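Listed here are the chains, written in short residue letters.
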Amino acid sequence: MLLYDLAGADDRLRFSPYCWRVRLALAHKGLPVETRPWRLTDQEAIAFSGQGLVPVLVDGQRTVHDSWQIACHLEDTHPDRPSLFGGAAGRAYAQFLDRWYEHTLRPVLPRLVLLQAHAAVHERDRGYFRSSREARFGNRPLEEAAYTTAQGQALMAQALTPVREVLARSPYLGGSDLGYADYIVFSGFQQARVLGVAALADSDPMQAWLQRMLNAHDGLARQAWVLPAAAA
Ligand SMILES: N[C@@H](CCC(=O)N[C@@H](CS)C(=O)NCC(=O)O)C(=O)O
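Residues numbered from 1 in each chain as written. Predicted model: local features only at pLDDT ≥ 70, side-chain atom pairs only at ≥ 80, totals over all residues.

Participant: Just give me the short version of the site of the ligand, but keep the residues and values in it.
Facilitator: The local shell around the ligand consists of L6, S16, Y18, L40, G52, L53, V54, P55, D66, S67, W68 and S132. Looking at the shell around the ligand residue by residue, the class counts come to seven nonpolar, four polar and one charged. (Near = placed C-beta within 6 Å. Nonpolar A, V, L, I, M, F, W, Y, C, P; charged D, E, K, R; others polar.)

Participant: Before we move on, can you summarise helix α10 (residues 180-194) with the specific residues and values?
Facilitator: Because the α-helix completes a turn every 3.6 residues, residues three or four places apart line up on one side. Between its first and last C-alpha, α10 extends 20 Å over 15 residues, near the 21 Å set by a 1.5 Å rise per residue. Maximal helix bending in α10 amounts to about 35°, located at F186. α10 sits mainly inside the fold: 15 of its 15 residues count as buried. Downstream of α10 by a residue or two, G196 has a phi angle that is positive, lying close to 80°. (Helix = DSSP H or I, 4+ residues; strand = E, 2+ residues; numbered from the N terminus. Expected span 1.5 Å × (residues − 1). Bend = angle between axes of the 7 residues up to and from the residue. Buried ≥ 20, exposed ≤ 12 C-beta atoms within 10 Å, placed from the backbone.)

Participant: Outline the sheet that holds strand β2 (residues 34-38), listing residues and values.
Facilitator: One open sheet holds the four strands; their spatial order is β2-β1-β3-β4, and the pairing between them is mixed. Bordering the open sheet on either side are β2 and β4 (62-65), each of which pairs with just one other strand. Between one strand axis and the next, the sheet turns by 20° as a mean value, whatever way the strands run. With five bridges connecting them, strand β1 (residues 2-6) and β2 associate as parallel partners. Residue pairing in the sheet places L6 in a bridge with W38 of β2. (Pairing = 2+ DSSP bridges. Axes fitted to C-alpha atoms, helices over the stretch in contact; angles between N-to-C directions.)

Participant: Please give an account of unusual backbone geometry that cites residues and values.
Facilitator: For the bond from V54 to P55, the omega torsion is 10°, close enough to zero to count as cis. Located in the positive-phi region is D66, a residue other than glycine, with phi close to 85°. On the secondary structure map, D66 appears in the loop between β4 and α2 (67-77). Positive phi outside glycine occurs at D218, with the angle close to 60°. Within the fold, D218 resides in helix α11 (residues 207-219). We classify D218 as exposed; it has 8 C-beta atoms within 10 Å.

Participant: Lay out the environment of P17 in plain terms, naming residues and giving numbers.
Facilitator: Of note, P17 is situated in helix α1 (residues 17-29). The spatial distance from the C-alpha of P17 to the C-alpha of Y183 is 9.2 Å, given a sequence separation of 166 residues. Apart from the residues lying within four places of it in its own chain, the contact partners of P17 are S187, G188, Q190 and Q191. (Contact = placed C-beta atoms within 7 Å.)

Participant: I'd love a proper account of the pairing of β1, names of residues and values included.
Facilitator: It is a general feature of regular strands that their side chains alternate between the two faces of the sheet. Most of β1 sits out of view: four of its five residues are buried. In this view, the connection linking β1 to its parallel neighbour β2 by way of α1 has right-handed handedness. Here three bridges tie β1 to strand β3 (residues 56-59), and the two strands are oriented antiparallel to one another. In the strand pairing of β3, L2 is matched with V58. (Right-handed = clockwise from strand over helix to strand, strands pointing away.)

What follows is the structure, given as structure tokens:
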């Protein structure tokens, strides 16, 4: 399998939350993957997928885009491997979380990492990053749209209240077993982490779950290359 994976100026920096969901889902299934670093302006490289966003997964003859579609594809084509959802009700719950993330965390997280991401993208992506993100965040300069760490952490902490309450009762979002519901929420933290930003205060009770997620699949997320602090 081949995954087109958003990279920064340094090939090793992989900072797309959606690509991280797929990396973790593939590890969960025990499926090896080759990741191909992709840059925002490399549109022609993924034109074969019929759209312009990553992740794009090439699985033999099939091309699948959109992290949710990819998770469903992996679950449906490898039912014999550890389940990502734990059945139909678990799939519906994970789909709810996928939508919840879009409407609750996505308005916050990218603004918390905005300046770090802008500094980290490849030079040839920088103009596109600025114009597309300024348009997305109310036609203001990036520097005005960006949250400070304190502002972003406070908004994240508030948005994560239901997640924190579930994790106070069970080790994972799907209950006793690690699964795709966890990968959805964790992906945002991983994006912030590799860009050198703490999305959660050290005192937050969710830290224990975060550590479990970093350790999952032989520390796949923990071992990811992190932007050196000086460059962020
Ligand atoms: N709903 C999609 C979202 C994918 C997405 O937004 N990908 C970003 C990278 S994190 C992208 O490719 N952006 C390209 C751009 O901004 O032009 C999914 O779940 O895969």
